[in-house]
Amino acid sequence: MPKTLFEGFNEVSSKEWKQKIQADLKGEDYENLIFHSREGIDVKPFYHLDDFTEREISATPEKWQVIEKFEIDDTDKGITAIKHALSKGTEALWLQLTADDIDLKKLFNSFDIAQIPVFVESNNSFTEENLAELGRILENKKHQVSLGVDIIGHLAASGNWHKNLKADFKTLETAVSYQKTFPQILSINTAVYQNAGATIVQELAYSLAHVNEYLNYLHQNKPEALQNFKPTFKVACGSNYFFEIAKLRALRNLYASIAQAYSAPEAIKILAFPTLRNKTLYDYNVNLLRTTTECMSAILGGADYVCNIAYDSFYHKKNEFGTRIARNQLLILKEESYFNKVSNISDGSYYIEELTQKLSEKALKIFKDIEKGGGYLKQLKEGIIQRKISESAKKEENSFKEANKVLVGTNKYKNEEDKMATEIEIDPFLKVEKRRTLLQPIIQKRLAESLERKRLAEEEN
């Protein structure tokens, strides 16, 4: 009798599995089982140890935390909202300061900054004054407050610097001078690429080129700052479940390889959240399913913090019901589905390991081409990156129009009785503003917008 169950079975090689599959196909072409992704990666029907080469994977966090985003335009209202969220299970805070008169001392004294991680961003960029004020508030205090400075991300998304190139990089230097005060200073906004329709390979490559601009600038101007350079990456996760898991793993590996070249720490933080690209106005409850699987990809991919978005966030004003459901989706994954019990859950999956490697290789090739072409900022100013993303987005949009890319309830299985015209509280569509920009911004747009505009017009008629 075998000592273990597996000793009673013969090992089956990759070749034998393929032969068995071909026999079961009874003459059908094996190639029909291969999925050709928009990333240029062919997904096989099975993966085997014979095809697996063990590779070093960058360390992922032992635990992930539920983080919630708040736009703070009034100190007291912000404090009330934060306290409520913390009492309902939120574990970390993402604070976006949207007004200049926020009482930062009162805000940070309203909760335990020693126990609660906090990411602080400013719509109008940080100034020497508010950076100094934050420094004084946190001086000699135990805390987990990080800054989210990303002047290049703002340029890519808006087409303009906050002020100008020189002033914005001066802000960067000022922020970096507070490295001893804040665990993280920079946050790299990679969501702009996902929400604009880039492929996963492009997301990774542009994210890498994006952060490399900071690394290169500091290397030339403040090399001592690289010793403690630990960025946060803000990543939007799409609906391609396994690819998104691999994307986060690839991001850690790729950044580690670049950080080595600058003798900078290889560790990063990942703050992940669902994409807006595939969210729909009609049959909006399907958004709950989409955000759930996207959050699952973020967790399994090794995100440090996961921030869900409400199913109605793009057409309703922020409301208690939508916010509570979004928070509870994460709490169910954590407390009832036990997604917090095992770290590195996806380790050992031949499929995910293969995807991670393929995505990394393809992204690295594009990154090297960008650097040969003068770097991210140069190609952004020349419109090359915008054009490449636009081409990918157009292909995805055509696939959506032909119903090859399906959004249930929108371009397939539509409920013709579904009426949304009276539900809209905020404009859910791309806003085109006539203003001068230094360069063409990367246009972020939901996939279903054109079809939804047409259906709304039909409702009115």
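Quick caveat, the model's predicted, so the values are computed rather than measured. (Residues numbered from 1 in each chain as written. Predicted model: local features only at pLDDT ≥ 70, side-chain atom pairs only at ≥ 80, totals over all residues. Heavy atoms only, no water.)

## Describing a nonpolar patch on the surface
The condition is simple: Patches here are clusters of residues that have more than 30% relative accessible area and form no salt bridge, with a 9 Å joining cutoff for like charges and a 5 Å cutoff for nonpolar side chains (Val, Leu, Ile, Met, Phe, Trp, Tyr). Under the convention used here, a 1.4 Å probe and the Shrake-Rupley method define accessible areas, while residue burial counts only the protein chains that appear. One side-chain nitrogen of Lys or Arg within 4 Å of one carboxyl oxygen of Asp or Glu is enough to make a salt bridge. Runs of H or I in DSSP of at least four residues are treated as helices and runs of E of at least two as strands, each being numbered from the N terminus.
Together, Val406, Val408 and Tyr413 make up an exposed nonpolar region whose accessible area comes to about 280 Å². Inspection of the secondary structure assignment puts Val406 in the loop between helix H14 (384-401) and helix H15 (449-460).

## What to know about empty space enclosed by the protein
As a reminder, the rule being used: Within this scheme a cavity is a closed region of a 1 Å grid, computed over the protein atoms alone, that accommodates a 1.4 Å probe without allowing it to escape, whereas a pocket is open but has protein on both sides within 12 Å along at least five of seven lines; lining residues each have an atom within 4 Å of a point. Grid points are joined across faces, edges and corners, and a volume is the space filled by probe spheres set on the points. Side-chain classes follow a simple rule in which Ala, Val, Leu, Ile, Met, Phe, Trp, Tyr, Cys and Pro form the nonpolar group, Asp, Glu, Lys and Arg form the charged group, and the remainder, Gly included, forms the polar group.
Summed over all chains, the structure comprises 4 cavities of 30 Å³ or more. In this structure, the largest cavity occupies an estimated 140 Å³ of space. Along its surface, the largest cavity is lined by 18 residues, and Pro61, Ile299, Val342, Ser343 and Asn344 are the ones closest to its centre. Sorting elements by how many residues they give to the lining of the largest cavity places helix H10 (residues 286-301) first, with 3 residues. Among the residues making up the lining of the largest cavity, the classes are represented as 8 nonpolar, 7 polar and 3 charged. In this structure, the second largest cavity spans a volume of roughly 70 Å³.

## Considering the environment of Phe243
Quick reminder of the rule: Whether two residues are in contact is decided by their heavy atoms, any of which lying within 4.5 Å being enough.
Secondary-structure assignment places Phe243 in helix H9 (residues 241-261). Taking C-alpha positions, Phe243 is 8.5 Å from Ser297, a pair spaced 54 residues apart along the chain. Residues in contact with Phe243, not counting those within four places in the same chain, are Ser37, Glu39, Ile41, Val43, Ile200, Tyr351, Leu355 and Leu359.

## Focus: unusual backbone geometry
As a reminder, the rule being used: The buried label goes to any residue with under 20% of its type's maximum accessible area, the exposed label to any with over 50%, and the partly exposed label to all in between, with areas taken from a 1.4 Å probe on protein chains only.
For Tyr338, which is not glycine, the phi dihedral falls at a positive 60°. Here Tyr338 lies in the loop between helix H11 (320-336) and helix H12 (350-372). In the Ramachandran plot, Ala403 falls in the positive-phi region, its phi being about 65° despite a non-glycine side chain. Locating Ala403 in the fold gives a position in the loop between H14 and H15. Using a relative accessible area of 26% as the deciding quantity, one classes Ala403 as partly exposed.

## A few points about the sheet that holds strand E10 (residues 305-306)
Convention followed: A pair of strands is considered paired only if DSSP assigns at least 2 bridges between the two. Axis angles are defined between N-to-C directions and span 0 to 180 degrees, where every axis is a line fitted to C-alpha atoms and, for a helix, only to the segment in contact.
Sheet architecture is open: 8 strands sit in the order E6-E5-E4-E3-E10-E9-E8-E7, paired in parallel fashion. At either end of the open sheet lies a strand with only one pairing partner, and these are strand E6 (145-147) and strand E7 (187-189). In this structure, strand E9 (residues 269-274) lies alongside E10, joined through 2 bridges in parallel fashion. Each bridged residue has a counterpart across the sheet, and for Ala272 the counterpart in E10 is Val306. Relative to E9, H10 is tilted by about 165°, and along the sheet it contacts strand E8 (232-237), E9 and E10.

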